[in-house]
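Residue-level listing of the chains:
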Amino acid sequence: MELDEAVRDTNVQMCYSCGKCTLACPLTHDDHIYSPRRIVETILAHGEEGISPAEMWECLTCNACSTYCPSDVKFPAFVREIRGELVKDGSYGECSHAGILHSLMRLMAGGQVKQKRLEWLDDSLETSPRSNVLLFVGCAPYYDAVLSEHGSHTETTKSAVKLLNSIGIKPRLLKDEVCCGHDMLWTGETETFEDLERINTERINKSKVKKIIFTCPECYDTFKENYKDLREDIELHHLAQFLGDRIDDLEFKENGKKVTFQDSCRLGRFQGIYEPPRDLLLAVPGLELVEMEDNRKKSVCCGTSCWMNCDQESKRIQVERLEEASTIADMMITACPKCLIHYRCAMDGQSKLDTDVKDLFVMLAESLEP
Ligand code: SF4
Ligand code: SF4
Ligand code: SF4
């Protein structure tokens, strides 16, 4: 295992045991201590012998620890590197949903799957194969196929097209787009990630696309931080940021809801995009935005990542967050499809939770003036 390299590249050797990371970690609470400080200390003291695979798979890679680390220890990146080595040794995390989403990602990486990726498009939505603005759809069509009990996720994509149309943009869509590879990268399946990266890169690079817009923060973060060969003249934007810069071009009708915003880890702590989604919500007349106590960089992860290790800890984190949202707002808004799915799932059987969870772009598209 290339442990020394992982330690050096992620500043792990700079740890001075202050414990701020453990205090920030959402997995740590009264009955359960998950301590990145102790994990780092143990690995520094004992090398490979000090690695606990179970602890490596339990981390949510949410970046709360690194946000508060005074020594710039990049713990989630360290976990990602170690997971890559664990996978080489045949150790995997526990997949949710019998691993079907991971299997789909591997199939897409093979490049031979004939997809029906654009079946959600309808006549009310305007797209153009010649546009130089690409809307990267992500895995929403697969979420609809596999997780339909938690609502429609192509609704988000339809809303994105509607919002872009309202400011005069007919985006291009790729019928042979594949998964961005985020989950494969963060679960240590590096070769599968590289295959997905290569397929998307080749297809996009040979087009005349100049801008790519993402509705999913994980796709955006992955393209921005991990795609190495994308044409350099292509601009990357998350839709919240893109629309936030054109707020004066959007016309919304009255909406009397009281909402709170859930910052996702990749959009917030990873990419620092906190204000544009809030600015967009505040542009809707009558809409009231209230904040949960832990917001922006202090926001709490949605409790499970990469369709892995979804357990009682995940449910505790999700239900606590929903309880807080329900005491202050009619609705929790998120700009991440996975937050949306996990919170909606956690609401099942929680009749005391008097709240709803909605995607930012669905909310905005519903509020557009006709
Ligand atoms: S916050 Fe940083 S320096 Fe402090 S214990 Fe955690 S990893 Fe070490
Ligand atoms: S990335 Fe999140 S879950 Fe993992 S150790 Fe850091 S704070 Fe805890
Ligand atoms: S919280 Fe998310 S990962 Fe866990 S069971 Fe529900 S949908 Fe699946």
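Residues numbered from 1 in each chain as written. Chains lettered and ligands numbered in written order. Predicted model: local features only at pLDDT ≥ 70, side-chain atom pairs only at ≥ 80, totals over all residues. Heavy atoms only, no water.

Each helix and strand in the protein was counted, giving 18 helices and seven strands. Over its C-alpha atoms the protein spans a radius of gyration of 20 Å, differing by no more than 12% from the 21 Å that the globule rule assigns to 370 residues. Referenced to the eigenvectors of the C-alpha coordinate spread, the extents of the protein come out at roughly 65 × 50 × 35 Å. The buried share of the protein, taken over its 370 residues, is 58%. For the protein, long-range pairs separated by at least 24 residues make up 78% of all intrachain contacts whose partners lie at least 6 apart in sequence. With an accessible surface of roughly 16,200 Å², the protein has 46% of that area assigned to carbon and sulfur atoms. Counting 44 positive and 63 negative side-chain charges, the protein places the centres of these two groups 5 Å from one another. (Helix = DSSP H or I, 4+ residues; strand = E, 2+ residues; numbered from the N terminus. Rg over C-alpha atoms; globule rule 2.2 N^0.38 Å. Buried < 20%, exposed > 50% of the residue type's maximum accessible area, 1.4 Å probe, protein only. Contact = heavy atoms within 4.5 Å. Areas by Shrake-Rupley, 256 points an atom, 1.4 Å probe, with all protein chains shown as cover. Lys, Arg positive; Asp, Glu negative; His and termini not counted. Charge placed at Lys NZ, Arg CZ, Asp CG, Glu CD.)

A few words now on a negative patch on the surface. The grouping of Glu2, Asp4, Glu5, Asp9, Glu48, Glu49 and Asp89 at the surface amounts to a negative patch. Inspection of the secondary structure puts Glu5 in helix α1 (residues 3-9). Classification of Glu5 as partly exposed rests on a relative accessible area of 37%. (Patch = residues over 30% accessible without salt bridge, like charges linked within 9 Å, V, L, I, M, F, W, Y side chains within 5 Å. Salt bridge = Lys/Arg side-chain N within 4 Å of Asp/Glu carboxyl O.)

Right, let's talk about the environment of Val209 for a bit. Locating Val209 in the fold gives a position in the loop between α11 (190-205) and β2 (211-214). Sequence spacing of Val209 and Arg130 is 79 residues, and the spatial spacing of their C-alpha atoms is 8.7 Å.

It is worth spelling out the packing of helix α16 (residues 312-328) against helix α17 (residues 337-347) at this point. Here α16 crosses α17 at 85°, and the two axes come no closer than 9 Å. With respect to each other, α16 and α17 are oriented roughly perpendicular. Residue-level contacts link Lys315, Gln318, Val319, Arg321 and Leu322 of α16 to His342, Tyr343, Cys345, Ala346 and Met347 of α17. (Axes fitted to C-alpha atoms, helices over the stretch in contact; angles between N-to-C directions. Parallel < 35°, antiparallel > 145°, perpendicular 65-115°, else oblique.)

The next subject is the site of ligand 3. With respect to spatial proximity, the complete set of residues near ligand 3 consists of Ser96, His97, Thr304, Trp307, Cys310, Lys315, Gln318, Ile341, His342 and Cys345. Only α16 and α17 provide two or more residues apiece to the shell around ligand 3. With three residues, the top contributor of residues to the shell around ligand 3 is α17. Considering only residue class, the shell around ligand 3 consists of four nonpolar, five polar and one charged. (Near = heavy atom within 4 Å. Nonpolar A, V, L, I, M, F, W, Y, C, P; charged D, E, K, R; others polar.)

This paragraph deals with the packing of aromatic side chains. Going through the model one piece at a time under the given rule, you end up with nine aromatic pairs. Ring centres of Phe214 and Tyr220 lie 5.9 Å apart, and the angle between their planes is 50°; this geometry places the pair in the tilted category. Take Tyr220: its relative accessible area is 1%, and that puts it in the buried class. Clustering of aromatic rings is evident, with ring pairs tying together Phe136, Phe193, Phe214, Tyr220, Phe223 and Tyr227. Against the face of Trp186 rests Arg80, its NZ or CZ located 4.7 Å from the ring centre. Across the ring face of Phe270, the terminal group of Arg266 is positioned such that the distance to the ring centre comes to 4.2 Å. (Phe/Tyr/Trp six-rings, centres within 6.5 Å; stacked < 30°, edge-to-face > 60°. Lys NZ or Arg CZ within 6 Å of the ring centre and 35° of its normal.)

What follows concerns unusual backbone geometry. Positioned with a positive phi, Ser17 is a non-glycine residue whose angle comes to about 60°. Summarising the element assignment, Ser17 is placed in the loop between α1 and α2 (20-24). Residue classification places Ser17 among the partly exposed residues on the basis of a relative accessible area of 37%. Backbone geometry places Trp307, a non-glycine residue, at a positive phi of 55°. Its place among the elements puts Trp307 in the loop between β5 (288-289) and α16.

Close to ligand 1 lie Cys15, Tyr16, Ser17, Cys18, Gly19, Lys20, Cys21, Arg37, Cys69, Pro70 and Val73, which account for all nearby residues. Grouping the amino acids of the shell around ligand 1 by side-chain chemistry returns seven nonpolar, two polar and two charged.

For helix α15 (residues 275-282), the full list of buried residues reads Pro276, Pro277, Arg278, Leu280 and Leu281. Where the residues of α15 are buried, they touch α13 (239-244), β4 (258-262), α14 (266-270), β5, β6 (331-334) and α18 (360-366).

With that out of the way, let us pick up the nonpolar core. By size, the foremost hydrophobic cluster in this structure holds 73 residues, and its most contacted members are Ile212, Phe223 and Leu281. Non-local contacts of Phe223, meaning those with residues more than four positions away in its chain, are made with Phe136, Cys180, Asn200, Ile204, Ile212, Phe214, Leu230 and Leu236. Formed by 31 residues, the second largest nonpolar core is a distinct cluster that contains Val7, Trp57, Cys65 and Val79. (Core = buried A, V, L, I, M, F, W, Y, C linked by side-chain atoms within 4.5 Å.)

Judged by pairing direction, the sheet is parallel, and its three strands sit side by side in the order β1-β2-β3 without closing on themselves. Every interior strand has two partners, whereas the edge strands, β1 (133-136) and β3 (235-238), have only one. Averaged over all pairs of adjacent strands, the angle between their axes in this sheet comes to 25°, without regard to strand direction. Here β2 runs beside β3; their pairing, made up of four bridges, is parallel. Bridge pairing in β3 places Ile212 opposite Leu236. (Pairing = 2+ DSSP bridges.)

The strands making up a sheet associate through backbone hydrogen bonding, with each pair oriented either parallel or antiparallel. Strand order in the open sheet formed by four strands is β5-β4-β6-β7, with parallel pairing between adjacent strands. Two strands close off the open sheet at either side, each with one partner strand: β5 and β7 (356-359). For β6 and β7, the ladder comprises four bridges, and the chain directions are parallel. Pairing of Thr334 across the sheet is with Asp359, part of β7. Contacting β4, β5 and β6, α15 runs over the sheet at an angle of about 165° to β4.

Scope: geometric values only; no functional claims are made or implied.
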